[in-house]
Every structure is written in C-alpha cells, then in structure tokens.
Amino acid sequence: MMNNKTHIPEDIAAHNQAAWDNYVTEEVIWTVPVSSEVIAKAREGEYAVSLGANSDVPRNWFPEQLEGVKILCLACGGGQQAPILAAAGAQVTVMDISAKQLEQDCKVAQQEALPLTTIQGDMRDLSAFTDNSFDIVFCPVSITYIPNLKPLFSEAYRVLSIGGSFMLGAPNPAIYLFDADKWEEGVYLVSNTLPFNSLDELNEEQRRQFMADNKAIEYSHTLSSIIGGQIEAGFKIDGFYEDSLDESLSRYFKDYFATKAIKG
C-alpha cells in the first residue's frame, strides 16, 4: 500500500490544460463532438445531455423550454453538451481550460450555425462574468482536476441568478482507492489512501513518465467537500442521482453521481 503523498507541480492548471489538449489529439471519448443528427434532434426539442457518465440528466432538472435560458457550461469543452443545449434554444457560454477542447465546440457551432460563446479559463476563476449572469451552471465531471473545490462553488453561486441551478457531475471518491494498473486488468485492488492524487501511487520514475506523457493529474475529494461544500457556499441540494461508467465496478457500487443545487 502506497501512503506517501507526493509533490504536485505548482502550476497544476497549466499541466492539466496541456493534458486535455493532448487528449483532443488522441481523440479521447470526452473530446469527440456530437453529430449533426444529435443537433437536429435537439432543435426539435429532443435533447439529452450527460454530466459525465452514462445516464442522461433528468429532463425535469431543466426548464420546460430552454429558449432564452442562459447557461454556463463550465469545464465543459469538447463539442458535446454545450452545442446540444444551444441547439435546444439556450443562450450558451462554454468555458474550459483547454483551447483544443473549445475548438471542438467552435467546430460544431460553425457547422451547425449555433450561437455559442467560448471562453478559455480556469473553472475556479469566473471573474469574466458578473454576478447573477446565468440561469444554469452546468459542470460535468471536472472537479477531479482541481485540488480545492471551495473557489469553484463560491464562484458558481455568485454568477447564478437567484433560483438558478448548479448541475454537477462527480466521481465517487471511492474509485481512487483502487490500483490503476490492476483496474485496467479488471481487478479492483485497494491500494491507495484518501485523499489521493494521480502521482501518489507512482514511484519517481513513473511520475516523470506520467508528466512527460501529458496525463492529467486527478484528485479525490471527500463527500463532505463535494456535497457539504455546495451547502456551505449557499446552495440548497435539490436533486441527486447515482450513475455508472464502469459496468464491472457497478456490480459493487456506483462510481459516479450528479447533484442539482439551487441558489436561494
């Protein structure tokens, strides 16, 4: 069991930005834009979006009509959720740290003539937006790439209008207990302690290779920091569901979940 906590590069954001730019080049699933058929259905009101795993966000989490609804798709590049919501009628701004992820959104917007605004930036700093700017902040699984959630939650609360919704996808912290190499083999070996980051289970040589390979550094977060952190920021939790990305692991527990929180 590896218990030693490791030194993390000071500029985490810059490293993870480069990692996600690289993932676009590698065509990782979260970077592949939606098809024209999906956009056409969304224009007819038949839309579905995910907060990061397999299940669609419940439709009753959204207003009955999206026309004119102001949505910030936060850390949500890749040409997936944001273009769908724009095609359904929402006024969508997508913010992501990766320029290449935002390029995917721009490609869909240009191909489908969608009014989509893109801004490159860190999800913890929403100073580009004024208070009460959005009706919805939609944040798929991305909190795993930042070490501290408080700035994100406080900023999301600030930019939402009163009664606005913060929709968040998150990994179950327990997934970080398992040895990554064994996981690839379908074996769930508990080897890590929490809190955890991606470098903790690696030796020095492996860490150097990890960084050289432009892999994103991930962080576990406690349920207290994810759920309690939203409440502490002023939100009222209004919706919740569990989700699964790894079908084999879901035999034991659900590895993802999503929350809907309301600004009071």
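Residues numbered from 1 in each chain as written. Predicted model: local features only at pLDDT ≥ 70, side-chain atom pairs only at ≥ 80, totals over all residues. Heavy atoms only, no water.

Visitor: I keep staring at the pairing of strand β4 (residues 134-139) and nothing clicks. Help me out?
Guide: Remark: a regular strand shows side chains that alternate across the two faces of the sheet. Within β4, five of the six residues are buried, which leaves it mostly tucked inside the rest of the structure. One crossover worth recording links β4 to the parallel strand β5 (residues 160-171) by way of helix α5 (residues 150-159), and it is right-handed. (Buried < 20%, exposed > 50% of the residue type's maximum accessible area, 1.4 Å probe, protein only. Helix = DSSP H or I, 4+ residues; strand = E, 2+ residues; numbered from the N terminus. Right-handed = clockwise from strand over helix to strand, strands pointing away.)

Visitor: Where do I start with the pairing of strand β1 (residues 70-74) in this structure?
Guide: Burial within β1 is extensive, with four of its five residues counted as buried. Relative to strand β2 (residues 91-96), β1 is paired through five bridges, and the arrangement is parallel. Along β2, the bridge assignment pairs Leu-72 with Thr-93. Following the backbone out of β1, through helix α3 (residues 81-87) and into the adjacent parallel β2, one traces a crossover that is right-handed. As defined by bridge partners, β1 adjoins β4 across three bridges and the pair is classed as parallel. Bridge pairing in β4 places Cys-73 opposite Phe-138. (Pairing = 2+ DSSP bridges.)

Visitor: Quick question: what am I supposed to make of the side chain of Asn-16 here?
Guide: Note that Asn-16 resides in helix α1 (residues 12-25). Residues within four places of Asn-16 in sequence aside, it is in contact with Tyr-145, Ala-216 and Ile-217. (Contact = heavy atoms within 4.5 Å.)

Visitor: I would appreciate a short explanation of the packing of aromatic side chains in the present structure.
Guide: As enumerated under the stated definition, the model contains 16 aromatic pairs in all. Geometrically, the ring pair formed by Phe-166 and Phe-235 is stacked, given 5.3 Å between the ring centres and 25° between the ring planes. Note that Phe-166 is positioned in strand β5 and Phe-235 in strand β6 (residues 235-243), a separation of 69 residues in sequence. As far as burial versus exposure is concerned, Phe-166 and Phe-235 are alike and both buried. (Phe/Tyr/Trp six-rings, centres within 6.5 Å; stacked < 30°, edge-to-face > 60°.)

Visitor: Got a minute to help me understand the environment of Ile-84 in this structure?
Guide: Relative to the elements of secondary structure, Ile-84 occurs in helix α3. Owing to a relative accessible area of 6%, Ile-84 belongs among the buried residues under this scheme. Separated by 120 residues in the primary sequence, Ile-84 and Glu-204 have C-alpha atoms spaced 43 Å apart. When residues no more than four places from it in sequence are discounted, the contact partners of Ile-84 are Val-34, Val-38, Ile-39, Ala-42, Tyr-47, Ala-48 and Val-49.

Visitor: Where do I start with the packing of α1 against helix α4 (residues 99-112) in this structure?
Guide: Geometrically, a packed helix pair is captured by the angle between its two axes and the distance between the axes. Contact geometry of α1 with α4 gives a least axis separation of 7 Å together with a crossing angle of 45°. Judged by the angle between their axes, α1 and α4 are oblique. Along the contact surface, α1 presents Trp-20, Asp-21, Val-24 and Thr-25, while α4 presents Ala-99, Lys-100, Gln-101 and Gln-104. A per-class count over the contact of α1 with α4 returns three nonpolar, three polar and two charged. (Axes fitted to C-alpha atoms, helices over the stretch in contact; angles between N-to-C directions. Parallel < 35°, antiparallel > 145°, perpendicular 65-115°, else oblique. Nonpolar A, V, L, I, M, F, W, Y, C, P; charged D, E, K, R; others polar.)

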